[in-house]
Amino acid sequence: MQGESAFAYIALYSVLVCRKHGCAIYGLDEHLKRHHHMSAAERRALLAAYKDCNVLPPAEVTQPMPCSAPIDELGPAQDAFLCSSSSGGGGGSAACGFISTSRAKMQQHVNQQHHTKLTRWSSPTATLYRDHAAQLWRPVKVQTFFRKRRYICYFIVQEEEQEEQQQGEEQGEQQGREQGGQHESERQGGYQQRLALLSSTLGALKREDSKAIDRMAAEASAKDRTGWFKRTQ
Ligand SMILES: [Zn+2]
Ligand SMILES: [Zn+2]
């Protein structure tokens, strides 16, 4: 079922976001036809629901301020790299600001734009490469309103703190359960993230039953707060 709740109009940026696809859309009818397999009647109802919204073309949408809170409707933030160089050329000190989700593209960027060669180091796992790379770019979390290649424009979002993230996702999971089917995929997304987080802390238990991991993580942190964890180590 795909009702109005599958979309969200964000007035601040004048974008209509499809929650299912985690991106802003321009041209709702076309998007519904191509990606949602809806009947004509369903499409008409949705078009009517959003006909008064001012939806801007991709090129006119303004980006959120760097390090704003992530926009939930766009799905989980992606890992990316931010160029640390200044834009250079004539001694300017403005930040370059180039962002890419691809390490290879970032490497190409610094080679071409900042004339910094990283290729002489043998492999990306070499310590020297890592140290050098750390000065050239840094990891960031990003989102983009649009996912069509030519309209992709990444903006940096705040990284959620682990504790908040866990709590938020637990609440999200409960809500998901109550609301049922439609949010299944979103719920899975949050679940996967949390599982990844937990498995990094509880590496040995990576393949155990997820509920057991939840329980043990909760217990471990509760006990840690009371000092139990330290005493028994
Ligand atoms: Zn969609
Ligand atoms: Zn750059």
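No experiment lies behind these values; they were computed from the predicted model shown.

What follows covers the pairing of strand 6 (residues 137-144). Across a regular strand the side chains alternate sides, sitting on one face of the sheet and then on the other. Pairing between strand 4 (residues 78-83) and strand 6: six bridges, direction antiparallel. Looking at the pairing, F81 lines up with P139 of strand 6. Looking at chain direction, strand 6 and strand 7 (residues 154-157) are connected through four bridges and run antiparallel. Counted as the bridge partner of K141 is V157 from strand 7.

Before going further, it helps to spend a moment on the pairing of strand 2 (residues 15-18). Here strand 2 shows two buried faces, one formed by V15 and V17 and the other by L16 and C18. By the bridge criterion, four bridges tie strand 1 (residues 7-10) to strand 2 in an arrangement that is antiparallel. Bridge assignment links F7 to a residue of strand 2, and that residue is C18. Connecting strand 2 to the next strand, strand 3 (residues 23-25), in antiparallel fashion are four residues, including G22 with a positive phi near 60°.

All right, on to the environment of R44 then. Within the secondary structure, R44 sits in helix 2 (residues 40-49). A tally of 13 C-beta atoms within 10 Å means that R44 is categorised as partly exposed. For the pair formed by R44 and D29, sequence separation is 15 residues and the distance between their alpha carbons is 8.4 Å.

Here the focus is the sheet that holds strand 4. Spatial strand order, 5-4-6-7: four strands in an open sheet with antiparallel pairing. The sheet is open, and its two edges are formed by strand 5 (99-100) and strand 7, each paired on a single side. Sheet analysis places strand 4 next to strand 5, joined by two bridges and oriented antiparallel. Within strand 5, the residue paired with F81 across the bridge is S100. Relative to the sheet, helix 3 (residues 103-113) contacts strand 4, strand 5 and strand 6, its axis offset from that of strand 4 by approximately 5°.

What counts, and where the lines are drawn
- Residues numbered from 1 in each chain as written.
- Chains lettered and ligands numbered in written order.
- Predicted model: local features only at pLDDT ≥ 70, side-chain atom pairs only at ≥ 80, totals over all residues.
- Pairing = 2+ DSSP bridges.
- Helix = DSSP H or I, 4+ residues; strand = E, 2+ residues; numbered from the N terminus.
- Buried ≥ 20, exposed ≤ 12 C-beta atoms within 10 Å, placed from the backbone.
- Contact = placed C-beta atoms within 7 Å.
- Axes fitted to C-alpha atoms, helices over the stretch in contact; angles between N-to-C directions.

From the geometry alone we can't say anything about function, so treat these as descriptive.
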